[in-house]
Structure formats: C-alpha cells, structure tokens
Amino acid sequence: MKQDVTEIIDQALAVLGKKWDVDNLPQAEVEFPRDEAMGDFATTIAMRLTKILKKPPQKIAGDIVDEINNQHPDFFSKIEIAGPGFINFTFRKEYFQNCLKTILAEEHSTLNTDIGKGRKIQVEFVSANPTGPLHIGHGRGAAVGNALCNILKAAGFDVQKEFYINDAGLQVKLLGQSVHARYQQLLDNDVPFPEDGYKGDYIELIAKEINRQDGSKYLNQPFNECAAFFTSYSYKMMLTNLAKDLKDFGVIFDKWQSEKELHTKGKVQESLDTLRSKQLIYDEDGAMWFKASDFEDNKDRVVKKQDGEFTYFASDICYHKDKLDRGFDTIIDIWGADHHGYIPRIRSVLEAFDLPKDKFEVILIQMVSLLRNGEPVQMSKRSGAFVTLREVIDEVGADLTKFIFLTRKADSHLDFDLDIAKEQSSDNPVFYVQYAFARISSLFRQAVEKNVSGVTGENIQDADLSVLDEDEAVSVIKKLLQYPVVFEGAVQAFEPHRITYYLQELAGVFHAYYHKHRVVSDDNATTLARLSLCKGVKLVLEEGLKMLGVSAPERM
C-alpha cells in the first residue's frame, strides 16, 4: 500500500519535473495520517518542494494531484489538499479487496521486506554474571534481544545471537567463596560467611550438590587451597541453570563467549599492546591507563589495577574489537539503562583501533517494577534479593512474560502486574491478541461442522471479496496492510515493541468487527468472504506473534 502511493507520486513528479525544468526532485515520503478522516495516506512532498520551485505549496500540491488524476483516474476514491499543502489519499474499497486477495494468495511472503540483503549483524544480550539467577530485568533484555533477532532475520539479515560470559574477575571468585563457606557450614565447620558474599537458596543448593558428589573431601580446607574448584564448579552450575531458564523462555544463543578465554588466549594483552603501540596506553600510579579522553570519553580509564588485575574494561576493549574483527557489519549491545555512561567509552575504543564506531549500536533496557494487584512484590527467597525470571515464568508462563516485556519501548520504565497477566480479559494484552487468533480458528471449525460450501479446513474456494464493503471490514484490511510498514519501521529502528503495539491494534479492530458482523451465517457468499477476511487476520497475527517469540494457540 505504501509502495503503491509512493510510486504513483514519483511517477507524477517525473512528468512534472520536465514541465518545471527541474532535475533530481526528491523522492516522495508518505505516512499514515493520525486521523483516519484525513485519508489512508498523506505526503508533505509539496511543502518540501517549495524552496526548490519557488512556488506556494498549495499550487505545487494542485499540480501533483492533477497529474496523478491524469495518470491514474480510477485508482483513488479521493485526493485532497489540506492545510499548508498536505496531500491526502483515500483508496477505493476495491483496492483493499484486491490487496486482501494478494495476502491470501501469497501469505507470509507479502509481510516482510528483504532489508538486510544478507548483511551480518551480531546481537549480544542478557550477558548476566553467572553468579546468581536471572532477574526480571535480564528477562526483559532477553525478550527484547530475541524479538529483535527474529525481526532482523525475517528482514534478510544474517544474525548471530551471543551471550558474553563474565567468568573472569572478582565476582565469580566471590561466588566460589560463598559456596565454599556454605559447604563448610553444612559439614558443621562454622566458618564465617564472606561479608559481601552471595546469599539466597541457590548458594546452599550448589554446596549441597558438591557435598553429594564429593562428600567431606574439602572439609576444613581453606578457600585459597580449593578456590579453583569451588569457583569453576559454582559458576558452571549457575551458567547451566541460566541456559536452562533462557531455553524455557524461548531464547537460545548461537555463541557463548567466555571472558576468561579472551585472557587465556592472550587476546586481551594483545589488544592493549596494540593500543600502547599507538601511544594510547600509559602507566601512572602503578596502574595502566587507556587514553579514552582523546576520544569521546570524559576521562582516561584504568585497564590494569595496581595489584596487577585487569579491569572489566580491559576485557571489553578486546571483546568489542574481536566482534568487528569477526566481520560483522553491525554489532548491537543490549544493556541495562544504568550502563548509559559506558557507551562513549566503547565508542572511544573502536575509534582508537580505527574501527568504524557507527557499526556499534546500543539498546538500553529500563527497569521493570513487578506488582501484584498494584502493590510491589516482595523479595525472593530463591535469590535473596530480587524476584527471579524463573519465578515469573512459573507463575504466568513464558508467552505472557515475553509479550508484556515487549509492550513498551525498551528504554521506558515498565510496570508488570502479575494479577493482570493472569486475567482472561481485554486488560491482559497477550490474552487479547492470542484470543483473536484462537477465535478465528474456532470460526473455521464452526464452518467445517456446518458443512459450509467452499470451506475445507482453513482453505476457502471461490470467495467473492466484493461482499466486504462494510466500513469495519475495510478498516480491518487497512490494518492488515499496515503490517509491512510497521515491520520495516521496527527493523530500521531496532524496536520490536512496535510489533506488539500493532498486534494489539489489529486484535482490537478484529474483535470490533466480529462483535458487529456474524461471520458464519446462512448466507454462503457472505460467510466465505468474511472467513477470508478472518484468515488474513490470522496470517498476520501468526507472523507478528512469531516475531515476538510468542505462541499462537488454536484454542483457549
């Protein structure tokens, strides 16, 4: 639909450009009007041409409308000039009926655009420290990252999903130390628990597993004598649990990149040596520093501390260089909103390596407030501090959780009410959308039970779509035709929540149509036409839900 209008305007401009004796006129841009009374599409091309042509925009708009009517006299039911020079287009009902016919014939192939052309994109998301369970903030990041990868793949990009494992440094060592203390306490060796140690039931569970496996083998051994075992065993067990929770959430990664591996392979030191050769590393106060202030950062950053330990930033320097060295055209990091200040730091790194910083994108994930009947949910026993993603999945299911995480833009705060998530009502957004899909499936089963002529399963033969002349039917078709535009916008902006918004709107216009017009009736021609419309809605709902990683149930 958008492409049709754009091409028609550009054809008119090609003719008018010769009359106006102007070459290389800009291409038309069209958009959906905010008010449906203003038509199906609008363009501001006349106002954009005012400076070039030195004419009033209304006069330019009049010339464009006259040329379009000359070239396509029967295509639109109405073309109007509004305000300072907007041109509003309204299609004929026959146009929408033909478009529905195309959707039904070509199905899913009409809904996506090959924007990527095989270009390589890496999306790194979640990347939680393997020192505790995933919390709901990680869950939101997982939902956004997975949905983003789905739409990018559907748009023709070659996508790799990556999890960066923070398995080096003090945090994993502290995890091992916490488990070691609990293990000793289980065996009645009352060692003090680390002051900043990790709490929660999961620490004791790991300690019990070690006791079950090895008995008292490590009893009375100081942590420094068995640190390697406790640290390695604990974080690997946590990582296994993280991977299982993510898999149950429908998120499977293509690559798990170990931070520790970057060190053991010498890549971190190699990256720092390269920066030193560029005079971008210096030593001061017993520490090693990167000259980040030479670029976008507001100060220089430590990469190796006085005690000889590398900082996390040193690993990040190496990791982001490594990503682009692997040949990705774009790398996208999905971070918590509190990491906003880290963006110029990484951009400075890429610039220091003479790598294109415009290939680096960041999506920030804002906090989630978990509520029950409008009240904040208390802390979790499992984690000791926060409600885990696993607890939410177990209570309301993966589909509901993902969909609600995607109901707002990623960098907007989100309230997640568990009670509303379990309601079977229009207040529950995922129920509202999935119920539209299930309702259509039920209509087809009803048609088969009634032996409606022309219906076999969900296949419809010889439907006369000209019967769909009600305003509500046309509104449904218009909404179906908006999906490719919404999809393209979601891909280009890296904003999968746009699909969620759209699906709620589509479900809304469908439910309104269903309540006003009986679909399966004694009038065979009307039944076939209306079932065809329902099938179009079902195709688009299925496609959109697939992009979000949410199921489309046949029954509810």
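Residues numbered from 1 in each chain as written. Predicted model: local features only at pLDDT ≥ 70, side-chain atom pairs only at ≥ 80, totals over all residues. Heavy atoms only, no water.

A count of helical and extended segments in the protein chain gives 20 helices and 17 strands. When the backbone C-alpha atoms are referred to their principal axes, the protein chain occupies close to 90 × 65 × 40 Å. Taken across its 556 residues, the protein chain has 51% of its residues classed as buried. Here the protein chain displays about 25500 Å² of accessible surface, and carbon together with sulfur accounts for 46% of that area. (Helix = DSSP H or I, 4+ residues; strand = E, 2+ residues; numbered from the N terminus. Buried < 20%, exposed > 50% of the residue type's maximum accessible area, 1.4 Å probe, protein only. Areas by Shrake-Rupley, 256 points an atom, 1.4 Å probe, with all protein chains shown as cover.)

To continue, consider the sheet that holds strand β10 (residues 301-304). Overall, antiparallel pairing links the 3 strands, which are arranged β8-β9-β10 in an open sheet. Only two strands of the sheet have a single neighbouring strand rather than two, namely β8 (281-284) and β10. Neighbour-to-neighbour, the strand axes of this sheet turn through a mean angle of 45°, independent of strand direction. For strand β9 (residues 287-290) and β10, the ladder comprises 3 bridges, and the chain directions are antiparallel. For Phe 290, the partnering residue across the bridge sits in β10 and is Arg 301. The strands that helix α11 (residues 267-277) touches are β8, β9 and β10; relative to β8, the one it contacts most, it runs at about 95°. (Pairing = 2+ DSSP bridges. Axes fitted to C-alpha atoms, helices over the stretch in contact; angles between N-to-C directions. Contact = heavy atoms within 4.5 Å.)

Contact geometry for helix α15 (residues 398-405) and helix α17 (residues 429-449): axes closest at 9 Å, N-to-C directions at 115°. One finds that α15 runs roughly perpendicular with respect to α17. For the crossing formed where α15 meets α17, the hand is right-handed. Residues Asp 399, Leu 400, Phe 403 and Ile 404 of α15 form the contact with α17, whose own contacting residues are Pro 429, Val 430, Val 433 and Gln 434. Classifying every residue of the contact of α15 with α17 by side-chain character gives 6 nonpolar, 1 polar and 1 charged. (Parallel < 35°, antiparallel > 145°, perpendicular 65-115°, else oblique. Left-handed = near helix turned anticlockwise from the far one by under 90°. Nonpolar A, V, L, I, M, F, W, Y, C, P; charged D, E, K, R; others polar.)

By domain assignment, the protein chain separates into domain 1 (2-91), domain 2 (170-248) and domain 3 (428-548). Summarising the inter-unit geometry, the C-alpha centres of domain 2 and domain 3 are found 53 Å apart. (Domains from an automatic or database assignment.)

Right, let's get into the packing of aromatic side chains. Evaluation of the coordinates by the stated rule reveals 32 aromatic pairs. Residues Tyr 282 and Trp 289 carry aromatic rings whose centres are separated by 6.3 Å and whose planes lie at 5° to one another, so their mutual orientation is stacked. Through pairs of rings, three or more aromatic residues link up here, namely Phe 75, Phe 76, Phe 89, Phe 91, Tyr 95 and Phe 96. Across the ring face of Phe 328, the terminal group of Lys 120 is positioned such that the distance to the ring centre comes to 5.0 Å. (Phe/Tyr/Trp six-rings, centres within 6.5 Å; stacked < 30°, edge-to-face > 60°. Lys NZ or Arg CZ within 6 Å of the ring centre and 35° of its normal.)

Volume-wise, the largest pocket comes out at about 1300 Å³. What lines the largest pocket is a set of 45 residues, and nearest its centre among them are Val 126, Ala 128, His 135, His 138 and His 339. When residues of the lining of the largest pocket are traced back to their parent elements, those giving at least two are α6 (136-154), α12 (312-325), β11 (330-336) and β13 (368-372). Per element, the largest residue contribution to the lining of the largest pocket is 5 residues, and it comes from α12. (1 Å grid on protein atoms, 1.4 Å probe; cavity = no way out; pocket = protein on both sides within 12 Å on 5 of 7 lines; lining within 4 Å. Points joined across faces, edges and corners; volume = space filled by probe spheres on them.)

Right, let's talk about the packing of helix α1 (residues 2-20) against helix α4 (residues 57-71) for a bit. Axis separation between α1 and α4 bottoms out at 9 Å; the angle between their running directions is 115°. Remark: the crossing between α1 and α4 carries right-handed chirality. Residues Ile 8, Ile 9, Gln 11, Ala 12, Leu 13, Val 15, Leu 16, Lys 19 and Trp 20 of α1 pack against Ile 60, Asp 63, Ile 64, Glu 67, Ile 68 and Gln 71 of α4. Of the residues in the contact of α1 with α4, the class split is 10 nonpolar, 2 polar and 3 charged.

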